[in-house]
Amino acid sequence: MIDVFAGIPRIDLGFTPTPLEPLDRLTALLGGPRIWIKRDDCTGLATGGNKTRKLEFLMGDAKAQGADTVVTFGAVQSNHARQTAAACAKLGLECHLVLSRRVNWRHPEYETGGNVLLDQLLGAHLHFTEPANVEALSRTLTDDLSRKGRTCYVVPTGGSNAIGAMGYMRCAGEIVEQCDALGFQPDVIVHATSSGGTQAGLVAGLVAENAKIDVIGINVYDTQHERLERRIKRLLDETLDHAKLAPNAATELRIVHDFLGEDYGIPTRQTIDAIRTLAATEGIVTDPVYSGKALGGFFEMIRRGDLAACDNAIFVHTGGVASLQVYTAAFGPV
């Protein structure tokens, strides 16, 4: 890769490169292309996940700006919030998490278990609110912290801005290097797409690598499809600009909306079946909100022939298993 990262602050927080594993038992079960999995659930910060890559750049920027306090946002069971809390704990920064009750999922420990328990263990200050109040609460919180003499750094939802997306530009380069070492050319990279930083970063990173690999984001987040596409397209443009790259033929955004189901955070039957299948065939566990839902869509795309022209397909595991505790009802009786 050309050195697009020169002069950009970054702090090592994760265990990278993460493994790229072949899933040959799963491939034999499903047919279709040979399936590989990029294990970004193994990045390390408090059970790991994709946000760690983004936070390396975001926390680098926060420290460069002299911040001593970080404020960020997410749903109650946010993986991003948990990894931000872990990064702050590691770096000695005060952390405030604004957690929105946007997911219509009922569990007696939804606001105390899973990621929320980890948030508390990591020393974060938690601020629960309704979706309509997030902006006002965040503004009041940052104003109050500033009056108390804190220097705040605000991280957007999912860590998804041009700075955070640099983490997945690095991941794209990592994937290309690993595939070269393993002696194969991937045709497609598939992942869960939501706040957009992972997809924008992967696409921009492949532009920098001049690598002709399709990137397919499976929408697990937004029922307003065109809004999601506009947001990720805008973020891709901002990321390319931040990295001083020009768009090329590899910059096409492909987002599949067929598998969202009822809404964000609500697992479908496909989600649960896919989680069970991967666990039983390869010993790898995914979550029911992000990677598990995208995995269900990925399996269906293989079954219906969408990837028939592909020889090798990489699925990016973005982490999130900490939330499984509050989704037991989705799996039925043991």
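Attention in this report is confined to the structure presented alongside it.

The rules behind these values
Residues numbered from 1 in each chain as written. Predicted model: local features only at pLDDT ≥ 70, side-chain atom pairs only at ≥ 80, totals over all residues. Heavy atoms only, no water. Pairing = 2+ DSSP bridges. Helix = DSSP H or I, 4+ residues; strand = E, 2+ residues; numbered from the N terminus. Right-handed = clockwise from strand over helix to strand, strands pointing away. Expected span 1.5 Å × (residues − 1). Buried < 20%, exposed > 50% of the residue type's maximum accessible area, 1.4 Å probe, protein only. Contact = heavy atoms within 4.5 Å. Polar contact = N/O pair within 3.5 Å; in protein donor to acceptor, adjacent residues only side chain to side chain. Core = buried A, V, L, I, M, F, W, Y, C linked by side-chain atoms within 4.5 Å.

Describing the pairing of strand S5 (residues 125–129)
Thinking step 1. Where strand S4 (residues 94–100) meets S5, 5 bridges bridge the pair, whose relative direction is parallel. Following the sheet pairing, Leu99 is matched in S5 by Phe128.
Thinking step 2. Each parallel crossover has a hand, and for S4 linked through helix H4 (residues 115–121) to S5 it is right-handed.

Notes on helix H3 (residues 79–91)
Thinking step 1. Between the first and last C-alpha of H3 there are 18 Å, a value that for 13 residues agrees with the 18 Å anticipated at 1.5 Å per step.
Thinking step 2. In terms of residue burial, H3 counts as a mostly covered element, since 10 of its 13 residues are buried.
Thinking step 3. Turning to H3, the residues buried within the fold contact helix H2 (51–64), strand S3 (69–75), S4, H4 and strand S6 (152–155).
Thinking step 4. In this structure Ser78 caps H3, since a side-chain oxygen of it lies 3.2 Å from the backbone nitrogen of His80.
Thinking step 5. Immediately beyond the C-terminal end of H3, within one or two residues, lies Gly92, with a positive phi of roughly 75°.

Details of the environment of Gly319
Thinking step 1. You can see Gly319 is positioned in the segment after strand S10 (312–317).
Thinking step 2. For Gly319, a relative accessible area of 2% translates into the label buried.
Thinking step 3. With 222 residues separating them in the primary sequence, Gly319 and Leu97 have C-alpha atoms 19 Å apart.
Thinking step 4. Those residues in contact with Gly319 that sit more than four places away from it in its chain are Asp41, Gly49, Asp287 and Ser291.

Topic: the nonpolar core
Thinking step 1. Counting 53 residues, the largest nonpolar core has Met59, Met169, Ile189, Leu202, Leu206 and Ile314 as its most contacted members.
Thinking step 2. The set of elements that each furnish at least two residues to this core consists of H2, H3, S4, S6, helix H6 (162–182), helix H7 (197–209), helix H8 (225–242) and S10.
Thinking step 3. When residues of this core are assigned to their parent elements, the largest contribution, 9 residues, is made by H6.
Thinking step 4. Grouped together as the second largest cluster of nonpolar side chains are 43 residues, Leu30, Ile37, Ile218 and Met301 included.

Purely geometric stuff here, so don't read any function into it on its own.
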